[in-house]
Amino acid sequence: MVAQIPQLRCYAHSLTREPERAQDLVQDCLQRAFEKLHLWKQGTNMRAWLFTIMHNIHANAAKRFNTGPQFVSMEQTEHLNNHEPVLDHKDDALIMQDLEAALRLLSSEHREIIYLVCIEELKYNQVASILDLPLGTVMSRLYRAREQLRQHLYGDSKNNVRRLL
């Protein structure tokens, strides 16, 4: 397990993109792995097992974060207080054009995951069954697809409060 720590740190950093959060994620992963070590089967890939644990911890944290309060910018609150829509129809059309263009830039694997989860609103286990993939693969591809879309739509900005997907 100790030999996998450098790879876990790299993976955690790719998930969080923040050194402090990445270190916390590695620590949480190792703690959970130590507690569940009796579930690991001798002769199987320890690194894959640890990565799965880390991915699940990260995905669960992201779910908790995404189900929390939603924040909007001060400009948007002015519209909300006046009971006006945040975006007018012209903005909606431009957003859809940008989103369609960004979707075309994704690989077919990532477009497929986005479509099944975000458009068809299928559960992750249903998508895994349809695509004959492990659930963790579906979740990680979805995360990567969303990150790529975010980069195509907003560049490197992580401070944008509007969320499309």
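Note that the coordinates shown come from a computational prediction; the quantities given were computed from them, not determined experimentally. (Residues numbered from 1 in each chain as written. Predicted model: local features only at pLDDT ≥ 70, side-chain atom pairs only at ≥ 80, totals over all residues. Heavy atoms only, no water.)

1. Structural notes on helix H8 (residues 135–154)
In this model, H8 (20 residues) spans 28 Å end to end at C-alpha, consistent with the 28 Å of a helix rising 1.5 Å per residue. When we look at burial in H8, the residues that qualify are Val 138, Met 139, Ser 140, Arg 141, Leu 142, Ala 145, Arg 146, Glu 147 and Leu 149. Directly beyond the C-terminal end of H8, a positive phi value near 70° is found at Gly 155. (Helix = DSSP H or I, 4+ residues; strand = E, 2+ residues; numbered from the N terminus. Expected span 1.5 Å × (residues − 1). Buried < 20%, exposed > 50% of the residue type's maximum accessible area, 1.4 Å probe, protein only.)

2. Description of the pattern of salt bridges
Pairs can form between side chains of opposite charge once their charged atoms are near each other. Under the criterion given, the structure shown has 2 salt bridges. Across the salt bridge formed by Arg 21 and Glu 18, the nearest N and O atoms sit 3.7 Å from each other. Judged by its relative accessible area of 41%, Arg 21 falls in the partly exposed class. Residues Glu 147 and Arg 150 are paired through a salt bridge, measuring 2.6 Å at the closest nitrogen-oxygen approach. Taken together, the residues Glu 147 and Arg 150, both in helix H8 and 3 residues apart, mark about one turn of the helix. Judged by its relative accessible area of 12%, Glu 147 is buried. (Salt bridge = Lys/Arg side-chain N within 4 Å of Asp/Glu carboxyl O.)

3. Some words on the layout of surface pockets
In this structure, the second largest pocket encloses a volume near 170 Å³. Residue lining of the second largest pocket: Tyr 11, Ala 48, Phe 51, Thr 52, His 55, Asn 56, Pro 134, Gly 136, Thr 137, Ser 140, Arg 141 and Arg 144, and that is the complete set. Looking at the lining of the second largest pocket, the elements with two or more residues in it are helix H3 (46–66) and H8. Looking at the lining of the second largest pocket, its residues break down into 4 nonpolar, 6 polar and 2 charged. Of the residues that make up the lining of the second largest pocket, three or more belong to each of domain 1 (1–68) and domain 2 (71–159). (1 Å grid on protein atoms, 1.4 Å probe; cavity = no way out; pocket = protein on both sides within 12 Å on 5 of 7 lines; lining within 4 Å. Points joined across faces, edges and corners; volume = space filled by probe spheres on them. Nonpolar A, V, L, I, M, F, W, Y, C, P; charged D, E, K, R; others polar. Domains from an automatic or database assignment.)

4. Side note on the packing of helix H6 (residues 108–119) against H8
For the pair H6 and H8, interaxial distance at closest approach is 9 Å and the crossing angle is 100°. When the axis of H6 is compared with that of H8, the two are roughly perpendicular. The segment H6 lies against H8, with Glu 109, His 110, Ile 113, Ile 114, Val 117 and Cys 118 engaging Val 138, Arg 141, Leu 142, Arg 144, Ala 145, Arg 146, Gln 148 and Leu 149. Partitioning the contact of H6 with H8 into residue classes produces 8 nonpolar, 2 polar and 4 charged. (Axes fitted to C-alpha atoms, helices over the stretch in contact; angles between N-to-C directions. Parallel < 35°, antiparallel > 145°, perpendicular 65-115°, else oblique. Contact = heavy atoms within 4.5 Å.)

5. Observations concerning the nonpolar core
Formed by 18 residues in total, the largest nonpolar core has its most connected members in Leu 8, Cys 29, Trp 49, Leu 50 and Met 54. When residues of this core are traced back to their parent elements, those giving at least two are helix H1 (5–16), helix H2 (19–35) and H3. If near-sequence neighbours (up to four positions away) are discounted, Cys 29 is found in contact with Leu 8, Leu 50, Ile 53, Met 54 and Ile 57. Counting 15 residues, the second largest nonpolar core, distinct from the first, contains Ala 102, Leu 133, Leu 142 and Ala 145. (Core = buried A, V, L, I, M, F, W, Y, C linked by side-chain atoms within 4.5 Å.)

6. Some words on the confidence of the model for the protein
Confidence along the protein averages 77 in pLDDT terms, with 76% of residues attaining 70 or more. Within the model, the stretch residues 159–163 combines pLDDT values under 50 with 11 contacts to residues more than four positions away or in other chains. (pLDDT = per-residue confidence, 0-100.)

7. Regarding the packing of H6 against helix H7 (residues 124–131)
It is the contact of H6 with H7, at a shortest axis distance of 10 Å, that shows an interaxial angle of 135°. Taken together, the axis directions place H6 and H7 in an arrangement best described as oblique. Seen along the crossing, H6 lies across H7 with a hand that is right-handed. Contacts from Glu 112, Ile 113, Leu 116 and Val 117 of H6 reach H7 at Tyr 124, Val 127 and Leu 131. (Left-handed = near helix turned anticlockwise from the far one by under 90°.)

8. A word on the environment of Trp 40
Mapped onto the elements, Trp 40 comes out in the loop between H2 and H3. What makes Trp 40 buried here is its relative accessible area of 19%. Separated by 10 residues in sequence, Trp 40 and Leu 50 have C-alpha atoms that sit 9.6 Å apart. Not counting residues within four places of it along the chain, the set of residues in contact with Trp 40 comprises Asn 45, Met 46 and Trp 49. In terms of polar contacts, Trp 40 uses its side chain to reach the side chain of Thr 44, at 3.0 Å. (Polar contact = N/O pair within 3.5 Å; in protein donor to acceptor, adjacent residues only side chain to side chain.)

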